[in-house]
Every structure is written in structure tokens, then in C-alpha cells.
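Residue-level structure breakdown
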Amino acid sequence: MEDTNELIQQRKQKLEALKELGIEPYGKPFDFTAYTADILGEFEKIDAESLAKQEKNVTIAGRIMAMRNFGKAAFAHIQDNTGKIQVYFKKDVLGDRFKLLKKLDIGDIVGCTGVLFRTKTDELTIEISGFELLSKSLRPLPEKWHGLRDIEQRYRQRYVDLIVNPSVKDTVKKRSQIIKAIRDYLEKEGFIEVETPMMQQIPGGATAKPFKTHHNALDIDLYLRIAPELYLKRLIVGGFEKVFELNRNFRNEGISTKHNPEFTMLEFYIAYKDYNYLMTFTEGLFEYMARKVVGSLNIPYGNDTIDLTPPWPRIPLYDALTDKGVPENILRDRKKAFEWAKNNGVDVKAEDSLGKIIDEIFSEKVEPSLIQPTYIIDYPIELSPLAKRKKDDSGLVERFELFIAAREIVNAFSELNDPADQRERFLQQVEDKERGDDEAHWMDEDYVRALEYGMPPAAGEGIGIDRLVMLLTNAPSIRDVIIFPQLKPEK
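So, here is what we can say about the structure in this document. Please read all numbers here as calculations on a predicted model, not as lab measurements.

1. Observations regarding the sheet that holds strand β1 (residues 57–69)
Ordered by their spatial adjacency, five strands build a closed barrel running β1-β2-β3-β5-β4, and the pairing between neighbours is mixed. For this sheet, the mean inter-axis angle between neighbouring strands, taken without regard to orientation, is 55 degrees. Pairing of β1 with strand β2 (residues 73–80) involves six bridges; the strand directions are antiparallel. Bridge pairing in β2 links M67 to A76. Against the sheet, helix α2 (residues 36–43) touches β1, β2, β3 (83–90), β4 (109–118) and β5 (124–135), its axis set at about 85 degrees to β3.

2. Details of the packing of aromatic side chains
Counting across every chain of the model gives 17 aromatic pairs. When the ring of Y185 is compared with that of F281, the centres are 5.6 Å apart and the planes differ by 70 degrees; the resulting orientation is edge-to-face. Residue Y185 is located in helix α7 (residues 166–188), and its partner F281 is located in helix α9 (residues 275–293); the two are separated by 96 residues in the primary sequence. F281 shares its class with Y185; the two are buried. An angle of 45 degrees between the planes, with centres 5.5 Å apart, marks the rings of F268 and F281 as tilted. Of the two residues, F268 is situated in strand β11 (residues 262–271) and F281 in helix α9; the sequence distance between them amounts to 13 residues. Considered together, F268 and F281 belong to a single accessibility category, that of buried residues. Members of the aromatic cluster, connected to one another through ring pairs, are Y185, F191, F268, Y277, F281 and Y288.

3. Comments concerning the pairing of strand β19 (residues 458–464)
Taking burial as the measure, the seven residues of β19 include seven buried ones, the bulk of the element. Burial of the side chains of β19 extends over both faces: A458, G460, G462 and G464 are buried on one face and A459, E461 and I463 on the other. Pairing geometry for β11 and β19, over seven bridges, is antiparallel. Among the inter-strand pairings, Y269 is bridged to a residue of β19, identified as G460. The pairing of strand β18 (residues 407–414) with β19 spans five bridges and is antiparallel. Counterpart to F413 in the pairing with β19 is G460.

4. Considerations on the environment of A387
Among the structural elements, A387 can be located in the loop between β15 (374–380) and β16 (389–390). A387 gets classed as buried once you look at its relative accessible area, which sits at 0%. Through-space distance from the C-alpha of A387 to that of P368 is 25 Å; in sequence the pair is 19 residues apart. Not counting residues up to four positions away in its chain, the partners in contact with A387 are V397, F413, S414, L416 and R425.

5. Digging into a nonpolar patch on the surface
A cluster of nonpolar side chains, V172, I483 and F484, forms an exposed patch at the surface whose accessible area comes to about 260 Å². You can see I483 is positioned in the segment after α15 (465–473).

6. Notes on the nonpolar core
Residues L266, F286, F400, I404, I463 and L468 are the most contacted members of the largest nonpolar core, which totals 47 residues. When residues of this core are assigned to their parent elements, the largest contribution, nine residues, is made by α9. The next biggest cluster of nonpolar side chains, apart from the first, holds 44 residues, and it includes L232, V348, L354 and L386.

7. Brief notes about helix α14 (residues 445–452)
Where α14 is concerned, the buried positions are Y447, V448, A450 and L451. What you see down the axis of α14 is that its buried residues fit within an arc of 155 degrees, all on one side. Packing partners of the buried residues in α14 comprise α8 (229–237) and α13 (419–434). With a side-chain oxygen positioned 3.3 Å from the backbone nitrogen of D446, the residue opening α14 is D444.

8. Structural notes on the sheet that holds strand β8 (residues 212–215)
Strand order across the open sheet formed by three strands is β7-β9-β8, with antiparallel pairing between neighbours. Edge positions in the sheet fall to β7 (199–200) and β8, since each of these pairs with one other strand and no more. Summarising the sheet, β8 and strand β9 (residues 220–224) pair through four bridges and their orientation is antiparallel. Among the inter-strand pairings, T213 is bridged to a residue of β9, identified as L222.

Rules used throughout
Counting starts from 1 at the beginning of each chain's written sequence and moves along it residue by residue. Residue-level local features of this predicted model are given only where pLDDT is at least 70; pairs of side-chain atoms are given and counted only at 80 or more, and the full residue set underlies all totals for whole chains, interfaces and linings. As a rule here, side-chain values cover all heavy atoms of the structure and leave hydrogens and water aside. Pairing between two strands is assigned when DSSP locates at least 2 bridges connecting them. Strands are runs of DSSP state E lasting at least 2 residues, helices are runs of H or I lasting at least 4, and numbering of each runs from the N terminus. Throughout, an axis means a line fitted to C-alpha atoms (over the contacting stretch in the case of helices), and angles, computed between N-to-C directions, take values from 0 to 180 degrees. The contact definition used throughout considers only heavy atoms, calling two residues in contact when any of these lie within 4.5 Å. When the centres of two rings from Phe, Tyr and Trp lie within 6.5 Å, Trp using its six-membered ring, the rings pair. Their planes under 30 degrees apart give stacked, over 60 give edge-to-face, and anything left gives tilted. Type-normalised accessible area, obtained with a 1.4 Å probe on protein chains alone, sets the label of each residue: buried when under 20%, exposed when over 50%, and partly exposed for intermediate values. Exposure above 30% relative accessible area and no salt bridge define the residues that can form patches, which grow by joining like charges within 9 Å and nonpolar side chains of Val, Leu, Ile, Met, Phe, Trp and Tyr within 5 Å. A 1.4 Å probe and the Shrake-Rupley method give the accessible areas. Residues count as covered only by the protein chains that appear here. Definition used for salt bridges: Asp or Glu carboxyl oxygen within 4 Å of a side-chain nitrogen of Lys or Arg. The definition of a nonpolar core used throughout is a set of buried Ala, Val, Leu, Ile, Met, Phe, Trp, Tyr and Cys residues joined through side-chain atoms within 4.5 Å. The arc refers to the directions leading from the helix axis to the C-beta atoms. Polar contact is defined as a pair of N or O atoms within 3.5 Å, subject to the rule that within protein one atom must be able to donate a hydrogen and the other to accept it, and that residues adjacent in sequence are counted only when both atoms are side-chain atoms.

Laid out in C-alpha cells, this is it:
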């Protein structure tokens, strides 16, 4: 069997032969009249006799995905952005131009004009009266690409993945629909879309390790943003009451089926509301998206069916832990929590705060069971340096995370707007960083200054778009919903 290099050489020879015949193998613009999906939708149910009377002439453009040559006739399947349709070449119709079919290969992009008819097997087909080569493909398409064991090859060569796997293209389209639905819903609710800096002197708004770069003209170090939060809340200070940003964030952390170092996040903020309001608001947003994109509130995901019908349970974090057998007496005692975690297979570090230990216990013991939409509410203050304290428990904050399919999709809280309290929280984070926590929040004096001008009571929320798309497209890995995921360099 010929290897790929030999096949490429054969195609290059055809390329040179086409040039010798005066045919440009990477042709000029081509005007087509219809997409294949439109043709199939309009004429699929019209019988052969009625179709023949119409003599419907169409012009399409797309990639050759299959071809069968029978000497004086040939069939091919042409694929465009919307689907595939069969075309039929006849020597007595095309004359000398029929010979050019021998110079074409699967993967070539062509423009074709012809009349619709039905074959003896009743397949809707275009009988070609003229065609042009628009782009020569020098590499053969893989025959069994979808079943590749090396899944990274599909991610790395996404352009091929999109050609041969219609489901991949469907995911990309559905992602676009999800983002449009988000924008439509928020704009309907009176939010305005804004843009905030991606390069920041202080990487704030989350606890995460940033990527670092250097600005030559200013001669300063900058960081790719880990979140737009502090800039969006500056806008709330400035008088905007409903803002959102669909933003790219960068966190210098691990890669997994749930994590990519570059990811998309929706963040929105609303003045004069709290986290209780946001839980109801989030249910409305998810219901709107599901109906728009999937057409149902029952979403298949893996072996489960996720029911997005509101309202969703709201469970305090400590209750969720004790329900899974975690002793209540360890939840407020760092030493006891650390010892219990160590004795029960939870990976914790000696320098971890009580809040961080509790979070690790939760991730190990509770999170895997949260399949249906569930709000986990009221988090330890150590985990939430930007959230408002609960009035009846100063050790907790008004924060919730939404879990669906055993993963966090939403993080939200009532915003801390007391500048003195915020400064103290930042100072505590600075101490944590000095003790070795490279994810601790930085001191941001300008943000504290902004709060000193007065920020109204407000609530803010972040939704992981990539994980949301995973849910609504039944994708098992975040790499399936990011068009070009981050990978190791190719050897």
C-alpha cells in the first residue's frame, strides 16, 4: 500500500499537469447560488417526475468527499458548510472537460453547476453541466479519522477534524448559538457589553497563578488576566448598573478534561442585588439557553439526563459536607480538618488554610455526586476575598457555586463593597502568598480606592463558557469544545 508521501507526490504531479493545461489550481472567486442543506430541504420530498419538469438549475461550491468513476460517467459527493449532496458527471454532457476528472482527488474544492434530478435509487443529485477547480488538495483525507486512538492528532489538526467529522462542526456552530443566546438574554435584561484589559499590572479577580509578560515600551512586567472582575466592578462604581463581558482568561495551571489554560468566561454584574437574586436569574438564563439551543430542559449528558427545570436545590457548603459523612466538628478547626483530610485520602498541604482544606475535602467527597443542577452556598471567607460576609456568620460569605454533571459551571457572590474590609482581605491574601500560596490574590490599592468612592450593593457572577458548551453538546472533554485547545509541541 502506498504511503502518504507517495500519495502527496502523485497529487503534486497532478497539480503540475493542471498548470501545464493552463488551469489555475487555486482559482478565482466563485459565485454559488445555494447551500446543499437548502437544496435538500427544498427538494428532498419532490418526486423524480416533478423534479424533471422543474429543470431546477443550481450552483454549489464545496469539497469532494467521495468519487466513483465509471469511464463515461462519474459520481461524487460534494460537502459545503451545511452538508453533502451527490453530483453526477457525464462525458457526453461535459465533452473534453470530462477528462479533467482524472486530475481531481478526494479533498479538492470545486464549484459545480447543474440540474437537479433523482437517480434510479431515488437519491437527489445534481447532473453537472460545468465545473471549476477552486483549490487542489495535496494531502489525502484520512479514511478512519474519527476512530483514531491518538485523539491529540484530531485536536492538533482540527482543520481535518472539521472536514471529516460533521459532529465537530455541529459543536462549533452550537457554541456560537449558545453565546448568541447569552448576549440576547442579557441585553433583553438591560445589560451592556463592555471590554476590559487583558494585560494587567495586577492580575486580580480570582485566586489563580497568572502568565507573565513584559511591555518593552513601558518597561514594566504585565500579566495576562485571570479574570476581568475588578475592572467590571470599577464600572459599577462609575455608575453603570448592569454590565457583562464575554472574556478570555489565562491561568497558568494544569490541563485536564475540565481545564484549559486559556478559556472563555462570561462575567456580569448588577447593582442593588445579592446572590439570592442571582440564583433565580441564573435559572432563567439557563432555561432560555437550553430552549434556544437544545429545544428542551432535559439535556442528555453521558449516561445521565440533566433536568434544568427550575428551581434548583440550594445547599449550604457545610451541610453538603456533613451529609457525606464529614464530621461537623472539623469544619471550624484547621488542625482537625487537616488530620481528617490526611486520614481520608484527601490531598492537602501543610501550608493550606482551613478554607482551602475544606474546599479540597468538598472536591473529593461531595462534588462527584452533584449530577443534577445544585447550588452550593455560603463558603468560608478564606476562599472568597472579594465576597460579602454573611450577616449571621462572619466566617462565611454570601457566595454560591452551581454544579452540574459533577463539575462547577458558575461562581457568584454578593460583592464586598466595604473598602476597609476589602483592604484587610487583601492583606490576608498577601500573607498567604508570602507563605507560599502562588494562587493568592494580590493587593490592589487602586481597587480599594475605587471602593472608597462608594460602590452600591451589587452581585456578580462568572460562568465558564467552555464547560457550559460541554454540557449542552454532551462533550466529555473541554478539548472537544475549544476549537484549538492548548497542546504540547508537536515532535
